[in-house]
Amino acid sequence: MKNKMFLPWILLFLVLLGSIPLILYYKGFTSAKIIGILVVISTSVALWVWRINTRKTSPRNSKVQLTTNDKHWLTQHIPFYKRLKKNDQTIFTDRVGIFLADVRITEVGKEQADKETQLYVASSAVIAFWGLPYYNYGNLREVLVYPTNFNKDNSLNKFGVVNGKVHHGGLMNNTMILSLPALIKGFQIDNDKKNVGIHEFSHLLDKSDGSIDGIPVYLGEEDKKIWVKLMKEAMEKINADDSTIPSYGGTSEAEFFAVLTTYYKECPHLLKVKHKPLFDFLERYFNQKNIEL
Ligand SMILES: [Zn+2]
């Protein structure tokens, strides 16, 4: 709270206090008594207001501080983090700390989510939004981490076809589900253009403008037209089996954006060689020109 808020109270207090000897000098005992009571009341009110205000301005969640061990863990398990310059690594760990303070991570079957699980989830979020000044993660509130894959109805199934899911609308609007083995595998294999954590958070980046439609937040009208044209052409090639972009990207515009963003974040050099116009567009979109990848 700004100290200036106290100025009127301090002035009132001083005026009232200063008037007491003056009134006593002119033998106004009753008035002096009233002024004395007013001083006590105004001081109490000032203290009460101060208490309410300081309570209001206290941050609800303070950023989670990563330990040296956590940072070491990131260099060992998150290839994207390892490739960053030192000062970008500091920004990365700050964002991981903010994410962990803001979003609840629930590991199904455990009292509390393991630290590793938390770091895998938070890193996925930070990587997907990396380079952008905006990161509310599509108003995400909770990530449910399942011990296996799951079915379309969200029930657990080791052989289920779903390993990650975000919701748009409905009761689960602010919830993401991830399969832990798939999440870990996404980071262990760093050259297959696939990572379920980054994929699902790319959907949330797409959702940040209100709809999951393959057109991410922040694009101006002109850029939207360019993007839609690039997307249409690239999807046609995927579906004609003439592309290095994983085939799932050809199923819908929304999947195309998530698949391509994951490809870009995991294998930028390959994307640059194989799909230069798409690479250039994403490079500009994510402001990643200065990052060593
Ligand atoms: Zn998807």
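Going by the structure above, here's the rest.
I will try to describe carefully the structure that is included in this document. Remember, it's a predicted structure, so these values are computed and weren't measured experimentally.

**Section: unusual backbone geometry**
Part 1: Even without glycine at this site, tyrosine 137 takes up a positive phi of about 50°.
Part 2: Its place among the elements puts tyrosine 137 in the loop between α6 (115-128) and β2 (142-146).
Part 3: Even without being a glycine, asparagine 139 presents a positive backbone phi close to 60°.
Part 4: With respect to the element layout, asparagine 139 can be found in the loop between α6 and β2.

**Considerations on the sheet that holds β2**
Part 1: The strand order across the open sheet formed by four strands is β1-β2-β4-β3, and the pairing between neighbours is mixed. The open sheet is flanked by β1 (104-107) and β3 (164-166), the only strands paired with a single partner. Taken pair by pair, the neighbouring strands of this sheet meet at an average axis angle of 15°, ignoring direction.
Part 2: Sitting on the sheet, α6 is in contact with β1, β2 and β4 (175-179), with an inclination near 130° to β1.
Part 3: Sheet strands touched by helix α7 (residues 180-188): β2, β3 and β4. Its angle to β4, the strand with the most contacts, is close to 75°.

**Let's talk about the environment of alanine 125**
Part 1: Among the structural elements, alanine 125 can be located in helix α6.
Part 2: Assessed through the 27 C-beta atoms surrounding it within 10 Å, alanine 125 is described here as buried.
Part 3: Spatially, the C-alpha atoms of alanine 125 and arginine 95 are 9.1 Å apart, while their sequence positions differ by 30 residues.
Part 4: Ignoring sequence-local partners within four residues, the contact set of alanine 125 consists of Phe99, Tyr137 and Phe201.

**Some thoughts on the nonpolar core**
Part 1: Judged by nonpolar contacts, the single largest core of 53 residues is most densely connected at Ala125, Val126 and Leu178.
Part 2: Among the elements that make up this core, the one with the highest residue count is α6 (eight residues).
Part 3: Apart from the residues within four sequence positions on either side, leucine 178 is in contact with Val121, Val143, Val145, Gly164, Leu183, Val196, Gly197 and Glu200.

**Some details on the pairing of β2**
Part 1: When β1 meets β2, the two strands line up parallel, connected through four bridges. The partner of threonine 106 across the bridge, within β2, is leucine 144.
Part 2: For the handedness criterion, the β-α-β arrangement of β1, α6 and β2 is classed as left-handed.
Part 3: Bridge count for β2 against β4 is five bridges, and the pairing is parallel. If you follow valine 143 over to β4, its bridge partner there is methionine 176.

**Examining the packing of helix α8 (residues 196-207) against helix α10 (residues 253-266)**
Part 1: Where α8 contacts α10, the axes come no closer than 8 Å and their chain directions differ by 125°. Of the possible angle classes, the one that applies to α8 and α10 is oblique. The two elements α8 and α10 cross, and the hand of that crossing is right-handed. Note on element contacts: α10 touches α8 through Ala254, Phe257, Ala258, Val259, Thr261, Thr262 and Lys265, opposite Ile198, His199, Ser202, His203 and Asp206.
Part 2: Split by residue class, the contact of α8 with α10 holds five nonpolar, five polar and two charged.

**Side note on α8**
Part 1: When the terminal C-alpha atoms of α8 are compared, their 17 Å separation across 12 residues agrees well with the 16 Å that a helix rising 1.5 Å per residue should span.
Part 2: Most of α8 is tucked away, with 12 of its 12 residues classed as buried.

**Quick word on the pairing of β4**
Part 1: The buried fraction of β4 is high, at four of five residues.
Part 2: Inspection of the sheet shows β3 paired to β4 by three bridges, in the antiparallel sense. Paired with lysine 165 across the bridge in β4 is isoleucine 177.

**Here's the deal with the packing of helix α5 (residues 86-102) against α6**
Part 1: Contact pair α5 / α6: the axes reach a minimum separation of 9 Å and the direction vectors enclose 115°. Relative to α6, the element α5 lies roughly perpendicular. For the element pair α5 and α6, the recorded crossing hand is right-handed. Contacts between α5 and α6 involve Phe92, Arg95, Val96, Phe99 and Leu100 from the first element and Gln118, Leu119, Ala122, Ser123, Ala125 and Val126 from the second.

Definitions and limits used
- Residues numbered from 1 in each chain as written.
- Predicted model: local features only at pLDDT ≥ 70, side-chain atom pairs only at ≥ 80, totals over all residues.
- Helix = DSSP H or I, 4+ residues; strand = E, 2+ residues; numbered from the N terminus.
- Pairing = 2+ DSSP bridges.
- Axes fitted to C-alpha atoms, helices over the stretch in contact; angles between N-to-C directions.
- Contact = placed C-beta atoms within 7 Å.
- Buried ≥ 20, exposed ≤ 12 C-beta atoms within 10 Å, placed from the backbone.
- Core = buried A, V, L, I, M, F, W, Y, C linked by C-beta atoms within 7 Å.
- Right-handed = clockwise from strand over helix to strand, strands pointing away.
- Parallel < 35°, antiparallel > 145°, perpendicular 65-115°, else oblique.
- Left-handed = near helix turned anticlockwise from the far one by under 90°.
- Nonpolar A, V, L, I, M, F, W, Y, C, P; charged D, E, K, R; others polar.
- Expected span 1.5 Å × (residues − 1).

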